[in-house]
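# Working through the structure, step by step
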Amino acid sequence: MSQTVLKKIVIDDAVPFAQEIFGHLGKLHLLPGKAIQADDVKDAQALIIRSRTQINKALLENSYVKFVGSTVVGLDHVDQNYLQTAGIKFYSAQGCNANSVAEFVINALFELAEAKGFDLSQKTLGIIGVGNVGSRLFTKAEQLNIKCLVNDPPKQLNEPEAYEYRTLDEVLKADIISVHTPLTTEGPFATQNLISAQKLSQIQPHQIIVNAARGGIIDEHAWINTQTLANIIDCWVNEPHIHSELYKTAFFATPHIAGHSFEAKLAGSEMVYQALCDFQKTSPKTDWKKILPAPSTPIEQKNLCLENSQLAKFKQTLLRDIFRKCHDIFSDHNGISAKTHQEVEKKYEKFRRNYPIYHEWHQHKVVSLKNKELDNLLKSLGFKIIQNKK
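Not measured: the values here are computed from a predicted model.

### As for the pattern of salt bridges
Across all of its chains, the model carries 15 salt bridges by this definition. Between Arg 320 and Glu 111 there is a salt bridge; the shortest N-O distance is 3.7 Å. In this pair, Arg 320 is assigned in helix α13 (residues 308-326) and Glu 111 in helix α5 (residues 98-116), connecting sequence segments 209 residues apart. Taking the relative accessible area as the measure of exposure, Arg 320 reaches 15% and is therefore buried. A residue is classified by how much of its surface remains accessible, and Glu 111, at 1% relative accessible area, is buried. Residues joined in a network through salt bridges with shared partners are Arg 52, Glu 239, Glu 349 and Arg 352.

Encoded structure:
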């Protein structure tokens, strides 16, 4: 492939390794996503965004932009109809953060189970939407012996044999309800307010609701008045101006970071980079990969001696401890915690922009637990098991 250099590429400055990855393609202009305006892109040929830039006619009409790449999976901030009409190529890194979000949900549920004193393997998990994220959550939950109930009408229509599908009302009876659909407002399967006030009226006080998908799928005003055992909320309507009363109901309240693992962010960048190289008929480079952080230190559970007879009693606690060493979700919750709601909103964007690095399970090594069943379970979840050489 020949080398084509673009005159100007505008990139959200939250895109990791932007300079190292995209630098050879043209002159980069890095700006905060929310600050990107029409004047910034009018003389650009390409625009690389995350979730904070509204892509529409007002932004791009008088520009030279011919390629827009989104390093995140959400599409509700992109006017795809306009891009198609204007002849602008659009690429979205679908699936890049799916594993990260699935691990976030499992991690949060293990923390919740330990805090509330219940056994997750005795609960049912209702998964609404089994696309990139929901399908991974299903697999991990099944590996952890958590029974899943699945609802996904579009997938049921196209892949009727993929799952034992349930109606939405059936899934809403599960002990834990986790939504993983996109936010859509039109068509037969629109998801805005999918979990409506009427649906929320069916919820019982022992149930748990998780939203790590998009704000607006659950009716927030009705959710405030819905008694649950716990709410785990990562996605909100009108971020960062999140609903103050709903925030107070959450066991975990996090600033839309479930998909923010290092691997997810990097995958988003790389997928858009490859798409832009293809669009420009330019040879991609890989030398930037040499600067990536070194692997994490192996995880070791000290003084561990588990007989099979003890496994049932300590398994959940042990797994919670390992998951926490990969990603401490309490730090995400505390990252936006404050005395006033104004402070919460202020910390929300700051925490997202300065989010600490953590790695997905498949990047971690765990020193053997000396129990074949547990070692095999961790392997199935993606961990690498190593022997202690001491």
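### Some points on helix α16 (residues 372-380)
Of all the residues in α16, the buried ones are Leu 374, Asp 375, Leu 377 and Leu 378. Down the axis of α16, the sector holding all buried residues measures 160°, keeping them to one side. Two to three positions downstream of the cap, the backbone nitrogen of Glu 373 sits 3.1 Å from a side-chain oxygen, assigning the N-cap of α16 to Asn 371.

### A closer look at the layout of surface pockets
Of the voids in this model, the second largest pocket is the one considered here, and its volume is about 560 Å³. Around the second largest pocket sit 26 residues that line it, and Asp 76, Trp 236, Val 237, Asn 238 and Glu 239 are the ones nearest its centre.

### Quick word on the pairing of strand β8 (residues 176-179)
Taking every second residue as pointing to the same face, both faces of β8 are buried, with Ile 176 and Ser 178 on one and Ile 177 and Val 179 on the other. The pairing of strand β6 (residues 124-128) with β8 spans 4 bridges and is classified as parallel. By the bridge assignment for β8, Ile 127 is matched with Ser 178. Of the pairings in the sheet, the one linking β8 to strand β9 (residues 208-211) comprises 4 bridges and is parallel in character. Across the sheet, Val 179 pairs through a bridge with Asn 211, a residue of β9.

Criteria and cut-off values
- Residues numbered from 1 in each chain as written.
- Predicted model: local features only at pLDDT ≥ 70, side-chain atom pairs only at ≥ 80, totals over all residues.
- Heavy atoms only, no water.
- Salt bridge = Lys/Arg side-chain N within 4 Å of Asp/Glu carboxyl O.
- Helix = DSSP H or I, 4+ residues; strand = E, 2+ residues; numbered from the N terminus.
- Buried < 20%, exposed > 50% of the residue type's maximum accessible area, 1.4 Å probe, protein only.
- Arc of directions from axis to C-beta.
- Polar contact = N/O pair within 3.5 Å; in protein donor to acceptor, adjacent residues only side chain to side chain.
- 1 Å grid on protein atoms, 1.4 Å probe; cavity = no way out; pocket = protein on both sides within 12 Å on 5 of 7 lines; lining within 4 Å.
- Points joined across faces, edges and corners; volume = space filled by probe spheres on them.
- Pairing = 2+ DSSP bridges.

Interpretation note: all reported values are geometric properties and have no functional meaning in isolation.
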